[in-house]
Amino acid sequence: MGIILAIETSCDETACALYDRPQQTLVGEWVRSQAQHRAYGGVVPELAARDHLAHLLPAIDELLRAAPAPNATRPAAIAYTAGPGLAAALLLGASLANALAFAWNIPAIAVSHLDGHIASPRLRYPNLPYPHLCLLVSGGHTQLWRVNGVGEHTRLGSTLDDAAGEAFDKVAVLLGLGYPGGARLEQLAKNGNPAAIQFSSPAQGDYDFSFSGLKTAVMRRVTHPAESKLTPADIAAGFQAVVAAGLAQQVQKAMQAHNITHLTAVGGVARNNTIAAALRAAAHAQGGQFYRPHAKHCSDNAAMVALAAAHMQAQPATYAYTINPKS
Ligand code: KG4
Ligand code: ZN
């Protein structure tokens, strides 16, 4: 039996998953996006941790009961997101995972949330080719990675200020779409003209990004509507277009310089179809392919944590984080 139970509690998604390591298949998964943060316009760490506590154990119980025999009741290892993320939320997950590992006398595997995202396309494409570039775009991160193999990745660039998802969320709030508004902004942009306004690109230096100036530029447009005939949909479309182009520009530059043809995009913002289209075009221009996980595995989830843990068990030496063999 080689079932890994994984839990994810780094931010405002509570998630758990069961992964059959020998069969390389997901046996079950569960995720709950916390809604209570909407009222505050951002994630409140203490509320997030309390909500994880309320929902995680019953969800694990249900997941194990629903798993086909003989997988149920006791997994062979438990993996948890050890960081980066909100301290209170991570602490809750780490405590719970280590307590279960102690009770069941099984290994506890501390997984990097970033390793999880970087591994996530392999849930959909188990034969994903190496080397490839990985663009990680979420509410907390915007990073460009060169991925040489399982667990072997080096960072080429990152945002200098806000994350791409953070910029989507802030612009969405400015446009009255609420929080988190990335997906709603994408919907609104469908009715707008992306060429109606030209914002400045978030591309910076070789492979870096900056979104704070762009956010301010959007704010000026929104707060001085009398100056222009732009609709909110035009602003959304113009913002989304310049983000997509800026991300694709940096990715393509890195692909050329590193002679890499294949590209993945991961994290919540990778759900965006305009961004995906620009990235797909960049990969095709290099003669390669573009890969992104299924939408549910772009956003925070535990399946990616389980997969990264399986990779760690196979190749522990390549990872900075640790496996606690027996708690
Ligand atoms: O990966 P994720 O679920 O959580 C973090 O680790 O941050 O990403 C959440 C982010 C939010 O900022 C959300 O607005 C953004 O992903 N997002 C989108 C879309 N769907 C989610 N941004 C742009 N377009 C979308 N369709
Ligand atoms: Zn994430």
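This text follows the structure it describes.
Residues numbered from 1 in each chain as written. Chains lettered and ligands numbered in written order. Predicted model: local features only at pLDDT ≥ 70, side-chain atom pairs only at ≥ 80, totals over all residues. Heavy atoms only, no water.

### Topic: the overall build of the protein chain
Line of reasoning, step 1. On a plain count of helices and strands, the protein chain comes out with eleven helices and 13 strands.
Line of reasoning, step 2. The globule rule puts the C-alpha radius of gyration for 327 residues at 20 Å, and the 20 Å found for the protein chain is close to it.
Line of reasoning, step 3. Its C-alpha atoms put the protein chain at 65 × 45 × 30 Å along the principal axes.
Line of reasoning, step 4. Across the 327 residues in the protein chain, those meeting the buried criterion constitute 54%.
Line of reasoning, step 5. Seen as two clouds, the 23 positive and the 21 negative side-chain charges of the protein chain have centres 4 Å apart. (Helix = DSSP H or I, 4+ residues; strand = E, 2+ residues; numbered from the N terminus. Rg over C-alpha atoms; globule rule 2.2 N^0.38 Å. Buried < 20%, exposed > 50% of the residue type's maximum accessible area, 1.4 Å probe, protein only. Lys, Arg positive; Asp, Glu negative; His and termini not counted. Charge placed at Lys NZ, Arg CZ, Asp CG, Glu CD.)

### Looking at the coordination of the zinc ion (ligand 2)
Line of reasoning, step 1. Looking at the metal site, the zinc ion (ligand 2) is ligated by His113 (NE2), His117 (NE2) and Asp300 (OD), spaced 2.1 Å from it.
Line of reasoning, step 2. Coordination at the zinc ion (ligand 2) comes from four donor atoms whose angles at the metal span 91 to 144 degrees, giving a geometry best classed as irregular.
Line of reasoning, step 3. Going along the chain, you hit the donors of the zinc ion (ligand 2) in the pattern H-x3-H-x182-D. With His117 in helix α3 (residues 113-119) and Asp300 in the loop between α10 (295-298) and α11 (303-314), this pair connects stretches of sequence that are 183 residues apart. (Donors = N, O, S within 2.8 Å, 3.2 Å for Na, K, Ca; no water. Tetrahedral: all angles 85-135°; square planar, octahedral: opposite > 155°, others 65-115°.)

### Section: the pattern of salt bridges
A pair can form between side chains of opposite charge whenever their charged atoms are brought close.
Line of reasoning, step 1. Here the structure, examined in full by the defined rule, presents seven salt bridges.
Line of reasoning, step 2. Here Lys296 and Glu29 are joined by a salt bridge, their closest N and O atoms 3.2 Å apart. Placement of the pair is Lys296 in helix α10 and Glu29 in strand β3 (residues 25-33), with a sequence separation of 267 residues.
Line of reasoning, step 3. Residue Lys296 is classed as exposed on the basis of its relative accessible area, which comes to 51%.
Line of reasoning, step 4. Between Asp162 and Lys215 there is a salt bridge, with its nearest N and O atoms 3.3 Å apart. Of the two residues, Asp162 sits in the loop between β8 (152-158) and α5 (164-174) while Lys215 sits in helix α7 (residues 212-223), which places them 53 residues apart along the sequence. (Salt bridge = Lys/Arg side-chain N within 4 Å of Asp/Glu carboxyl O.)

### Regarding unusual backbone geometry
Line of reasoning, step 1. Along the chain, Gly83 connects to Pro84 via a cis peptide bond; the corresponding omega equals -10 degrees.
Line of reasoning, step 2. Relative to the elements of secondary structure, Pro84 occurs in the loop between β4 (77-83) and α2 (87-104).
Line of reasoning, step 3. Omega for the bond connecting Tyr130 with Pro131 falls within 30 degrees of zero, at -5 degrees, which places this linkage in the cis form.
Line of reasoning, step 4. Counting through the fold element by element, Pro131 comes out in the loop between α4 (121-124) and β6 (132-137).
Line of reasoning, step 5. One non-glycine residue, Gln24, adopts positive backbone phi at about 50 degrees.
Line of reasoning, step 6. Within the secondary structure, Gln24 sits in the loop between β2 (13-20) and β3.

### Let's talk about the site of ligand 1
Line of reasoning, step 1. The full set close to ligand 1 counts 20 residues, and Gly139, Asp169, Glu186, Gly268 and Asp300 are the nearest of them.
Line of reasoning, step 2. One of the side-chain N or O atoms of Asp169 is found 2.6 Å from an oxygen atom in ligand 1.
Line of reasoning, step 3. For ligand 1, the accessible surface in isolation is 560 Å², of which the surrounding protein chains cover 89%.
Line of reasoning, step 4. Here the residues of the shell around ligand 1 are counted per class, giving four nonpolar, eleven polar and five charged. (Near = heavy atom within 4 Å. Polar contact = N/O pair within 3.5 Å; in protein donor to acceptor, adjacent residues only side chain to side chain. Areas by Shrake-Rupley, 256 points an atom, 1.4 Å probe, with all protein chains shown as cover. Nonpolar A, V, L, I, M, F, W, Y, C, P; charged D, E, K, R; others polar.)

### Some points on the environment of Pro194
Line of reasoning, step 1. Within the element layout of this structure, Pro194 appears in the loop between α6 (182-189) and β9 (203-204).
Line of reasoning, step 2. Residue Pro194 is classed as partly exposed on the basis of its relative accessible area, which comes to 42%.
Line of reasoning, step 3. When the C-alpha positions of Pro194 and Ala237 are compared, they lie 4.4 Å apart, and in sequence the two are 43 residues distant.
Line of reasoning, step 4. Leaving out residues up to four positions away in the same chain, Pro194 has contacts with Ala237, Gly238 and Ala241. (Contact = heavy atoms within 4.5 Å.)

### Some words on the packing of aromatic side chains
Line of reasoning, step 1. If you walk through the whole model with that rule in mind, you get three aromatic pairs.
Line of reasoning, step 2. Arranged with centres 5.0 Å apart and planes meeting at 75 degrees, the rings of Tyr125 and Tyr291 form a pair that is edge-to-face. Here Tyr125 is found in the loop between α4 and β6, whereas its partner Tyr291 is found in strand β12 (residues 290-291), with 166 residues between them in sequence.
Line of reasoning, step 3. Residue Tyr291 is classed as buried on the basis of its relative accessible area of 13%.
Line of reasoning, step 4. Summarising the aromatic geometry, the rings of Phe209 and Phe211 are spaced 6.4 Å apart at their centres and angled 20 degrees between planes, so their arrangement reads as stacked. An identical accessibility class is assigned to Phe209 and Phe211; each is buried. (Phe/Tyr/Trp six-rings, centres within 6.5 Å; stacked < 30°, edge-to-face > 60°.)

### As for the environment of Gly165
Line of reasoning, step 1. Mapped onto the elements of the fold, Gly165 is located in helix α5.
Line of reasoning, step 2. For the pair formed by Gly165 and Gly267, sequence separation is 102 residues and the distance between their alpha carbons is 8.9 Å.

### Remarks on the sheet that holds β8
Line of reasoning, step 1. Across the sheet, which stays open at both edges, the five strands sit in the order β8-β7-β6-β11-β12 with mixed pairing between neighbours. Single-partner strands in this sheet number two, and they are β8 and β12.
Line of reasoning, step 2. Sheet topology note: the β6/strand β7 (residues 142-149) ladder contains six bridges and is antiparallel. Its bridge partner being in β7, Val137 is matched across the sheet by Thr142.
Line of reasoning, step 3. Set on the sheet, helix α8 (residues 232-258) makes contact with β6, β7, β8 and β11 (263-266); between it and β6 the angle comes to about 155 degrees. (Pairing = 2+ DSSP bridges. Axes fitted to C-alpha atoms, helices over the stretch in contact; angles between N-to-C directions.)

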